[in-house]
Amino acid sequence: MRIGLIDFDGKIPNLALMKLSTYYKQQGHEVYLNIFDRNVDKVFCSVLFTWNRQKAERLQGAYKDITYGGTGWDKKTVLPPEIESCKPDYDLYTTDFLYSRISGIMKKSSKQKKAEQLANMGIGFTTRGCIRSCEFCFVPEKEGKLHQVAEIKDIINPKSNIITLLDNNFTADPRMAEKCEEIKQRNLIVNISQGIDVRVMTEEKAAALASIKHLRSIHYAWDLISFENSILRGIQLLSKYIKTYRHMCYMLVGFNTSFDEDIYRFKRLRELKVDPYVMIYNKRKDNIRLNHFARWINARIYKVCDFEEYGPWLKDQKLFYEHEEIKGQLQLVL
């Protein structure tokens, strides 16, 4: 059979597709990634983000046998045990393919280096699930409570010493310090892609994180204003071991915080010399101010002007407040 695999919206190699590739190659089938050829017998399409679901649905008319998966399609869909147990096919993604998907302004040499890192890195979970039950997160529903699924050694790609950990809450793992020691002993460089839960930070955990090499900044999230005390305590503790210029804090906006609370979180993080990065809930585009706020922070424009002096926001302020006034009047009528 000819098996088609479609990575619809990923930015890094897709673990599920790599396991599917291994499984079908072991059965003697031919496997193709993102080759939109209708002359295939079966297609698997991975959709990571819910806002891409409708676009992915358009592929249904092109293939007689297409199966969708991924959190953007169905939170309940999982790989069958015989496929989940397969090692990833680290030959599925080429440097050229990943190079073509890298966006943003950067030198060709930097883009090439990043593509090579992505193509050659190891990737996987050592734990699934999470100790939290955040209402905006699908992980508890999809994966349940935190549980062990693999060892660090199981996700190493022989092509490099870089690994990407997909664990949803690495710092809540009772074996975190032990795993950090293995990462250190194997001289691995790690990308903790889902970030760390700074609310459970301890001296031991901070020291363990500081003992290993990180591919990029240590990142964590401050999603709700009610988390303030535990977030700030964790940041201050982590900062004793890892300097704040190597931190990044994701701020969820547009979920259930007010704009005043968003501004407050931004200012508190900057007081601690931590760089914030705004994530707009569900990528909603209906709030002009939040979209300008995200651009002002994420592009580091806040370093040269205050938000109330930010040109694009000044231009759209009147439109925003008129819209808010109309919305308020409608709510009063209803």
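Remember, it's a predicted structure, so these values are computed and weren't measured experimentally. (Residues numbered from 1 in each chain as written. Predicted model: local features only at pLDDT ≥ 70, side-chain atom pairs only at ≥ 80, totals over all residues. Heavy atoms only, no water.)

**Notes on the overall build of the protein**
Logical step 1: The helix and strand inventory of the protein stands at twelve helices and 13 strands.
Logical step 2: For the protein, the spread of C-alpha atoms along the principal axes amounts to about 60 × 50 × 40 Å.
Logical step 3: Buried residues in the protein amount to 47% of all 334 residues.
Logical step 4: Of all intrachain contacts in the protein linking residues separated by at least 6 positions in sequence, the fraction that spans at least 24 positions is 71%. (Helix = DSSP H or I, 4+ residues; strand = E, 2+ residues; numbered from the N terminus. Buried < 20%, exposed > 50% of the residue type's maximum accessible area, 1.4 Å probe, protein only. Contact = heavy atoms within 4.5 Å.)

**Comments concerning the layout of surface pockets**
Logical step 1: Space inside the second largest pocket adds up to approximately 260 Å³.
Logical step 2: Taken together, 15 residues make up the lining of the second largest pocket; nearest its centre are Lys19, Glu84, Cys86, Phe125 and Ala150.
Logical step 3: Broken down by secondary-structure element, the contributors of at least two residues to the lining of the second largest pocket are α1 (15–26) and β5 (122–124).
Logical step 4: Of the residues that constitute the lining of the second largest pocket, the class distribution is eight nonpolar, two polar and five charged. (1 Å grid on protein atoms, 1.4 Å probe; cavity = no way out; pocket = protein on both sides within 12 Å on 5 of 7 lines; lining within 4 Å. Points joined across faces, edges and corners; volume = space filled by probe spheres on them. Nonpolar A, V, L, I, M, F, W, Y, C, P; charged D, E, K, R; others polar.)

**Quick word on the nonpolar core**
Logical step 1: With 52 residues, the main nonpolar core has Ile196, Leu209, Tyr220, Ile235, Leu238, Phe293 and Trp296 as its most contacted residues.
Logical step 2: Beyond its immediate stretch of four places on either side in the chain, Phe293 contacts Met251, Val253, Phe259, Asp262, Ile263, Phe266, Val278 and Phe307.
Logical step 3: Judged by nonpolar contacts, the second largest core, of 27 residues, contains Tyr23, Val31, Phe44 and Tyr90. (Core = buried A, V, L, I, M, F, W, Y, C linked by side-chain atoms within 4.5 Å.)

**Regarding empty space enclosed by the protein**
Logical step 1: Summed over the entire model, instances satisfying the criterion amount to one cavity of 30 Å³ or more.
Logical step 2: Considered as a void within the structure, the largest cavity measures approximately 60 Å³ in volume.
Logical step 3: The set of elements that each furnish at least two residues to the lining of the largest cavity consists of β9 (189–192) and β11 (218–222).
Logical step 4: Among the elements that make up the lining of the largest cavity, the one with the highest residue count is β9 (three residues).
Logical step 5: Tallied by class, residues from the lining of the largest cavity come to five nonpolar, five polar and one charged.

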